[in-house]
Amino acid sequence: MDKLRQLLSDYINNKETILCAIASNPCNREKIQKLRIRPVLKEEELLYQAERFIGTKTYHQNLIPNMLPDLLITALTEDFKQLEVETEHHKLTVLVSKKGKQTIKERRKTPQEQTQSHPVDFSHNKQKQYILPHDEPIPFLVALGVQTTQGIIVKAKYDKFRQINRYLEFVRDILSYLPDKKEKPLQIIDFGCGKSYLTFALYYYLKVMLHYHVSIIGLDLKEDVIAHCQALADNFGYDGLKFQVGDIGSYKNTQNVDMVVTLHACDTATDYALARAVKWNARVILSVPCCQHELNKQLSCDMLKPLLKYGLIKERMAALITDAIRAQLLEEHGYDTQILEFIDMEHTPKNILIRAVKRDHIKYNAGTKTQKMRIELEEFLHISPTLQTLLEEQ
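Residues numbered from 1 in each chain as written. Predicted model: local features only at pLDDT ≥ 70, side-chain atom pairs only at ≥ 80, totals over all residues. Heavy atoms only, no water.

Asks: Break down the overall build of the protein for me, with residues and values.
Replies: A count of helical and extended segments in the protein gives 13 helices and 14 strands. Taking 394 residues into account, the globule formula puts the C-alpha radius of gyration at 21 Å, and the protein, at 29 Å, lies well above it. Summarising its shape, the C-alpha atoms of the protein cover approximately 85 × 60 × 40 Å along the three principal directions. By residue count, 46% of the 394 residues in the protein fall in the buried class. Accessible surface, the protein: about 21,400 Å² in total, of which carbon and sulfur atoms supply 50%. Placing the 53 positive and 50 negative side-chain charges of the protein at their respective mean positions leaves the two points 5 Å apart. (Helix = DSSP H or I, 4+ residues; strand = E, 2+ residues; numbered from the N terminus. Rg over C-alpha atoms; globule rule 2.2 N^0.38 Å. Buried < 20%, exposed > 50% of the residue type's maximum accessible area, 1.4 Å probe, protein only. Areas by Shrake-Rupley, 256 points an atom, 1.4 Å probe, with all protein chains shown as cover. Lys, Arg positive; Asp, Glu negative; His and termini not counted. Charge placed at Lys NZ, Arg CZ, Asp CG, Glu CD.)

The structure is reproduced here in structure tokens:
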């Protein structure tokens, strides 16, 4: 193995990129079928990705270049009888006999072969195509600290940039359910807008990028936050974007709402926003619930006691049940409803988005089978959701 180690080390030390390496002819197919190596870029650093094929699954591991010789030698010693390596300038083949004898054949590529070599494929690491451009400054992203004035995404804010674009993907998917951009201005209410990263993104996407005529109102209880957001909107010349101090439960100053957005409205504030949206017959509802405490206090079921005695389990079950019933209630009131993953769980546990679209062919009809099933579930769990009460009062 010394000769093989030396050859591989020479390639790496001479900065000769290994374009591909494949270990095959396994000693035990039930253990592993194949090992493939290819170069990858991660934050501009050259690494090698080891792709192991085991059964019906594939496993990946990224390695720094100096780790590659040991990995390939171990593979030939323990798992495989053949190795093929192609670099920018060389081709290498290693065969291992039943008795463990190695036969190594290496040759330098001809000039024609070097010219015809496939370029290094870093396609898995290409920049994701986001809705918002990642390489040019966007005024509100710069002002909110997500981008530098040169348009570079601030490293600490990259997850926020991804979240903003993920949100806009959900918006893009429902555009066909909104009035035509030439028909009338879109009326959008954003309850609990907070610092308004997503409110500004929504306006920029619809107005600046897609040229919709929009009127968006961001509503929040924090006067200083609202004042700051309104100052930014005025500074950017976003005439169709207004921020107001107001409470979700009592806000009534609106007509003909096309979309209601409620992102991270705490506990039952989400229910009040959803109930308003249904009352206004909003065409689209986008809601990311937060802090679902209500049913956690009510949840009681003898059959589920072995689960509910654990506080963390009970809390998570209550949150999921809360959002499932919210979605069911929206369906009962004429909405096609989906529960989607808003952002990866590794970034935030508050990752559920309820997306509801009003459909003309769906009418509210008390006494349906699904409604009866929901009522039976509520009785089984001894719960009484706020959203149900609010919708019954309308």
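What follows continues from the structure just given.
Asks: Can you break down a nonpolar patch on the surface residue by residue, with the values?
Replies: Taken together, the side chains of M303, L377 and F380 present a nonpolar region at the surface, about 310 Å² in accessible area. Along the polypeptide, M303 turns up in the loop between helix 9 (294-298) and helix 10 (305-308). (Patch = residues over 30% accessible without salt bridge, like charges linked within 9 Å, V, L, I, M, F, W, Y side chains within 5 Å. Salt bridge = Lys/Arg side-chain N within 4 Å of Asp/Glu carboxyl O.)

Asks: Hey, could you go over the sheet that holds strand 6 (residues 90-96) for me, with residue numbers and the actual values?
Replies: Strand order across the open sheet formed by seven strands is 4-3-2-1-5-6-7, with antiparallel pairing between neighbours. Every other strand in the sheet has two partners, leaving strand 4 (57-63) and strand 7 (102-108) as the edge strands with one partner each. The sheet shows a mean angle of 15° between the axes of neighbouring strands, taken without regard to direction. In this fold helix 2 (residues 68-78) packs onto strand 1 (18-26), strand 2 (34-42), strand 3 (45-54), strand 4, strand 5 (80-87) and strand 6, with an angle of close to 150° to the strand it touches most, strand 5. (Pairing = 2+ DSSP bridges. Axes fitted to C-alpha atoms, helices over the stretch in contact; angles between N-to-C directions. Contact = heavy atoms within 4.5 Å.)

Asks: Lay out the pairing of strand 4 in plain terms, naming residues and giving numbers.
Replies: In this sheet, strand 4 lies alongside strand 3 in antiparallel orientation, the contact comprising seven bridges. Considered in strand 4, the bridge of A50 is made with Q61. The antiparallel pairing of strand 3 with strand 4 creates a hairpin that spans two residues between the two strands, and G55 there sits at a positive phi of about 60°.

Asks: Describe the packing of helix 5 (residues 158-173) against helix 6 (residues 197-209), listing the residues and the values that go with them.
Replies: Where helix 5 meets helix 6, the closest approach of the two axes is 10 Å, and the angle between their N-to-C directions is 50°. Considering the angle they form, helix 5 stands oblique to helix 6. The interaxial crossing formed by helix 5 with helix 6 has right-handed handedness. Taking contact as the criterion, the partners of K160, Q163, I164, Y167, L168, V171 and R172 in helix 5 are, on helix 6, Y197, L198, A201, L202, Y205 and L206. Grouping the constituent residues of the contact of helix 5 with helix 6 by class yields ten nonpolar, one polar and two charged. (Parallel < 35°, antiparallel > 145°, perpendicular 65-115°, else oblique. Left-handed = near helix turned anticlockwise from the far one by under 90°. Nonpolar A, V, L, I, M, F, W, Y, C, P; charged D, E, K, R; others polar.)

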